[in-house]
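Take a look at the letters that make up each chain.
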Amino acid sequence: MAMSRLAFALSVSAVAGAAASARSVSAQETLGSLARKRGVYVGAAVGGAFWGGDARYRETLKREFNIMVAENAMKFDQVEPKRNQFSWKQADDLAAFAQANGMALRGHNLVWHQSSGWIEAATGMERADMLTALKTHIDSVVGRYRGRILEWDVVNEAVDDNAGLRNTFWRQRIGDDYLDSAFTWAHKADPAALLFYNDYSGEGMGGKSDRIYALMKGMKDRGVPIHGVGLQCHFAASKSFSATDIDKNMKRLGALGLRVSITELDFRVTLPADSAGLAIQRDNYALLLNACLANPNCKSFLTWGFTDAYSWVPGFFPGTGDALPFDKDYKPKPAYDGMKRVLADVTAIRNRNGPGRGALRAAGAALGGIRNALGRWLGLAD
Ligand code: G3I
């Protein structure tokens, strides 16, 4: 997965160079307005702060994005806290907000080994009862939002870090066919929703993404209704990643007839964040968005939260944070500008020049990027 420092710097700067070559992006444009022009969705996960007193949270959300997802409000333990007793308030609030503001909605998630409440605790449940309970859950949740969810994360994180099928309570009590059943029931409950398998550490090429690929291929071969793979992208400045590998993975999944979505991007830096860390973060946001735009099967690009004021990262990875495109005061960070410029540049190439001149322009920008990268490598630039 890792790439050499030079290759990484070159590819990062090729994108940064391409972005820098764009005419300045109008201040009137937002991520969402640019995404609409490009025919894609750019959005964020919405957490508990949605119901808090800070008006800037909802204002930023509706101003900047054209898709959103519930960080927690649609999880098993949230919508079905007791068997057959559903609690819709928060999920309904989010669905209504999305609809009122012309935003698409992702659903997250139906089957996971975490945040599953009573069903995980019911250790004595046999296969038949588990299947009944799972079907009821999926019918109820997917049915309630039928026609309103663009993409559902049906199964979340079913492959473990050693690239085997994770031995979750679902697998132990039902067997491996729980995956096929979940997708089949979700499709029946909302035939228009695009159904996704969602996972982390399988974004590029490697053992875990090979296993996910094999799982997807098996499902496609069996005729299971699956439409895409969510690449979570919880990344860190301290670890390099290969945008080339992510591009390859997007393409091989595309060849299976599957979409890919960037579903949970955050890019944590060491705290306190300095300008170098924020510049690396900007370049990686730009690289990933560029990879998504370059692949026609990638239509959705979401970050896991949007303001550094509210993020799971500092609690989970102490000493790191500031992983999102807006700072704690909702001011746009370099990562935000990097995303905007990538969106605007691609839009400009398509709108103004057509594909031929666009390719030439991209090649020129890449050369400029290489020059900048070498300058940076030699310590001639920041
Ligand atoms: O539900 C209780 C709530 O009643 C209580 O007031 C609150 C106070 O501590 O705790 C609440 O639950 C917490 C919930 O977040 C809401 O804040 C859970 O304990 C906590 O485990 C939960 O963490 C979430 C985690 O998934 C587990 O569901 C994180 O916010 C959320 O960011 C994280 O998201 C996951 C994705 O779903 C899947 N991919 C990885 C990603 C990051 O871990």
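See the structure printed just above.
Residues numbered from 1 in each chain as written. Predicted model: local features only at pLDDT ≥ 70, side-chain atom pairs only at ≥ 80, totals over all residues.

Visitor: Honestly, the site of the ligand in this entry has me stumped. Any pointers?
Guide: Lining the immediate environment of the ligand, one finds Gly48, Glu71, Asn72, Lys75, Gln114, Ser115, Asn156, Gln232, Glu264 and Trp312. Class assignment of the residues belonging to the shell around the ligand gives a composition of one nonpolar, six polar and three charged. (Near = placed C-beta within 6 Å. Nonpolar A, V, L, I, M, F, W, Y, C, P; charged D, E, K, R; others polar.)

Visitor: What should I look at first to understand the pairing of strand β2 (residues 67–70) in this one?
Guide: Each regular strand carries side chains that alternate between the two faces of the sheet. Neither face of β2 is exposed, since Ile67 and Val69 on one face and Met68 and Ala70 on the opposite face are all buried. For strand β1 (residues 41–46) and β2, the ladder comprises four bridges, and the chain directions are parallel. Its bridge partner lying in β2, Ala45 is registered against Val69. Sheet topology places β2 next to strand β3 (residues 104–111); three bridges connect them, and they run parallel. In the strand pairing of β3, Val69 is matched with Arg106. (Buried ≥ 20, exposed ≤ 12 C-beta atoms within 10 Å, placed from the backbone. Helix = DSSP H or I, 4+ residues; strand = E, 2+ residues; numbered from the N terminus. Pairing = 2+ DSSP bridges.)

Visitor: Would you mind showing me how to read helix α7 (residues 127–144) here?
Guide: Note that an α-helix has 3.6 residues per turn; residues three or four places apart therefore point the same way. Taking 1.5 Å of rise per residue, the 18 residues of α7 would be expected to cover 26 Å, and the 25 Å separating its terminal C-alpha atoms lies within 8% of that figure. Within α7, the full set of buried residues consists of Leu134, His137, Ile138, Val141 and Val142. Seen along its axis, α7 keeps its buried residues to an arc of 100°; they face one direction. Facing away from the buried side of α7 by more than 90 degrees, the exposed set consists of Ala128, Thr132 and Gly143. Among the structural elements, α4 (76–79), β3, β4 (151–156) and α9 (178–189) are those in contact with the buried residues of α7. (Expected span 1.5 Å × (residues − 1). Arc of directions from axis to C-beta. Contact = placed C-beta atoms within 7 Å.)

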